[in-house]
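Secondary and tertiary structure notes
Given next are the chains, with one letter for each unit.
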Amino acid sequence: MAASMRLLVRRAVRLSHRNITLTAAGAAARSGCCRGPSVCRCFSDEAEDRSTHFGFETVSETEKAKRVYKVFENVAQKYDIMNDAMSLGIHRVWKDALLHVMHPQPGAQLLDVAGGTGDIAFRFLEYIRLQEERQKRRAARSSQTPSWQDISNNYSTEDESRESRAVVCDINKEMLKVGKQKADSLGVSAGLSWVVGDAEELPFDDDQFDIYTIAFGIRNVTHIDQALQEALRVLKPGGRFMCLEFSKVNNPILSSIYDAYSFQMIPVIGEVIAGDWKSYQYLVESIRKFPNQEEFKGMIEDAGFYCVKYYNLTGGVVALHSGFKL
Amino acid sequence: MWLRIQRLNQQRFVLTAKDCSTFVSAVCVHQLHTSSTEPASSSYNGLYPGHIHTTPIQKALLAVGSGVAALRDPYRHDMVAVLGEATGHFALINLRDRMRNDPEGYTILTERPRIRLSTIDVAKMASLPEGSFGREYVRFLEDNHVTPDSRADVKFVDDEELAYVMLRYREVHDLMHTLLGMPTNMLGEVAVKWFEAAQTGLPMCAFGAALGPLRLNARRLQTLVTSLGPWALRNGLRARFVLNIFYERRWEQSLEDLRQELNIEPPPVILSAAKKMST
């Protein structure tokens, strides 16, 4: 509340300055001087202090980015445990559903933005590995009696196909650190890389990736439209954008149970397990501020994606949005 | 020029009024959105810095959750603290009233002293004569490798004065260790909890006193049951109320003298400040 009061006071002071400058400009114009630059300076100040939401609070945009960073820095160590506790393990089903809809084939290049602890990337690599095994088995079955010529051909073509690669990109170094530790303990390293980057300004060239995913991250981004445009940029033509995010529950009974659970239980679980009530309060509030399924679909279409559709999971608690770059 | 300034003031007033109305409507909207908990913010909108509003259901859930967490890992001091706050409302009222009815306790309530490294002069206290309260307190801090700054903040108490009483209880806990001569290992902590349970009646102390012994090995359990426990309980019931002492003004007082004043017997068993991880 004090933050928004401060914003109001600043805005009032700035507006009064603008009035003075304009009046002075008026006076100066009458006396024949140009006062352009000082007026322009006032307008650029305005842009910096544009406000946005941080949960149910109103903060400036720069402050939101900083506070979101702080939230994830605090929760990083207990992030996976908390996910299991809060969603009663159902988040694994949602992420598996994402992979099933994605149905990646060997050779695919994945960019997982806000990928933090690497859940999507690990599942992607595992899925590809299973696909490759399946393909090998099918090839073995179909070529039961190969000639020596065929066998030697097979050996040479194996390495030529492109290896699938998963890049995990996150703005928060703590989350990436936890992800790397997980990768080490799982023994996964081939085809996996960890990159620090901002979803609104990705450190990749154009037309790089086959699949772009962002799971439970886009609602923390300050400018969602910019993140969507970046997604369009780094995808190859024919590439797929996929987004898992909490969304609106339409069923009123389920909605009231979900609200009660979110606001009563989740901050308590956050306090008991992670010792951090406020971060989890922010998380449940940020879910309420995110646009609903149709609105978000519209935003994805506005960014330039085609064939945008969404699938509701768990009654609308989570929505999987998908679009293509053509 | 005077007219121009007046017009500026009017414009500023109009804009501020409009901003105020949008602010008010934003507040109304966000109160509609918040079902039962208010948003937490760094510039606090609770009753005191760090205050988080909680509904009775949340307090109950916190009590259960923190109790389980504290049992599983007794070194999670933040969980013990949360348990105390979630369950201690009526006991805190009782403590506050006892403080108000005592002249020294009333002074504490009005002056609100804090025991932190920034408010106490540890170097000066270390130079006090042996056997003085201040010197023994510093010895306790050094032997057990603790610091007064490791206490968790009060978050879930819904009254500003009661929150201070809770904080004072928490900060005075180390002084209890010094007065009772108990180290910070499990046995010492349980003994202090028995004393505090008798003194304050806080449910968290009773909980710790009842369930703490479950984590002791047989030998220590025997020591507790035969000598330390009864001594702690006896003294807890007959001693002067420990929150009514302005400890910050008594660093020079001799420890024996203070014990006599508070009606506390010296410990029957001398426990050494054992390694942190032993129970």
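Throughout this description, residue numbers start from 1 for each chain and increase along the sequence as written. Starting at A for chains and at 1 for ligands, labels are handed out in the order in which the entities are written. With the structure being a predicted model, the display of local features is reserved for residues of pLDDT at least 70 and the display and counting of side-chain atom pairs for 80 or more, all residues being used for whole-chain, interface and lining totals. As a rule here, side-chain values cover all heavy atoms of the structure and leave hydrogens and water aside.

1. Overview of the overall build of chain A
As a reminder of what qualifies: Secondary structure elements are defined from DSSP: runs of H or I of at least 4 residues count as helices, runs of E of at least 2 residues count as strands, and each element is numbered from the N terminus. Note on classification: 1.4 Å probe, protein chains only; a residue is buried when its accessible area is under 20% of the maximum for its type, exposed when over 50%, partly exposed between these limits. Note on areas: these come from Shrake-Rupley sampling with a 1.4 Å probe, and a residue is covered only by the protein chains present in the view.
Helix and strand counts for chain A come out as twelve helices and nine strands. Taking all 326 residues of chain A together, 48% fall into the buried category. Accessible surface computed for chain A: about 16000 Å², of which carbon and sulfur atoms make up 55%.

2. Notes on the nonpolar core
Note that soluble globular proteins tend to have their nonpolar side chains buried in a common cluster. The condition that has to hold: Residues enter a nonpolar core if they are buried and are Ala, Val, Leu, Ile, Met, Phe, Trp, Tyr or Cys, with the set joined through side-chain atoms within 4.5 Å. Here a residue-residue contact requires only that any non-hydrogen atoms of the pair lie within 4.5 Å.
Membership of the largest hydrophobic core comes to 74 residues, with the highest contact counts inside it found for Tyr137, Leu179 and Tyr247 of chain B. Ranked by residues supplied to this core, first place goes to helix H8 (residues 160-180) of chain B with twelve residues. Non-local contacts of Leu179 of chain B, meaning those with residues more than four positions away in its chain, are made with Phe133, Tyr247, Leu255, Leu258, Arg259, Leu262 and Ile264 of chain B. Listed in part, the 33 residues of the second largest apolar core include Met102, Trp194, Met242 and Val318 of chain A.

3. A few points about the pairing of strand S4 (residues 165-170) of chain A
Residues and elements named next belong to chain A. Stated formally: Pairing between strands is defined by DSSP: at least two bridges between them are needed. Classification remark: right-handed applies to a crossover when, strands pointing away from the viewer, the course from the first strand over the helix to the second runs clockwise.
In terms of burial, S4 is largely enclosed, as five of its six residues are buried. Across five bridges, the pairing between strand S3 (residues 109-113) and S4 is parallel. Within the sheet, the bridge partner assigned to Gln109 lies in S4 and is Arg165. Of the pairings in the sheet, the one linking S4 to strand S5 (residues 192-196) comprises five bridges and is parallel in character. From the neighbouring strand, Ala166 faces S5, where its bridge partner is Leu192. With helix H8 (residues 173-186) bridging S4 and the parallel S5, this β-α-β connection has right-handed handedness.

4. Considering the UniProt feature "binding site: S-adenosyl-L-methionine" (unreviewed entry) in chain A
Residue and element names in this part refer to chain A. Rule in force here: UniProt positions are given in the numbering used here, feature names are shortened, and annotations may be inferred rather than shown by experiment. Polar contact is the term for a pair of N or O atoms within 3.5 Å; when the atoms are in protein, one must be able to donate a hydrogen and the other to accept it, and sequence-neighboring residues count only if both atoms are side-chain atoms.
Look at the UniProt record and you will see "binding site: S-adenosyl-L-methionine" (unreviewed entry) annotated at Thr117, Asp170, Asp198 and Ala199. When sequence neighbours within four positions are dropped, the list of residues in contact with Asp170 reads Ala114, Gly115, Gly116, Met175, Leu176, Val195, Val196 and Gly197. Only 2.8 Å separates the side chain of Asp170 from the backbone nitrogen of Gly116, close enough to count as a polar contact. Following the sequence through the fold, Asp198 ends up in the loop between S5 and strand S6 (209-215).

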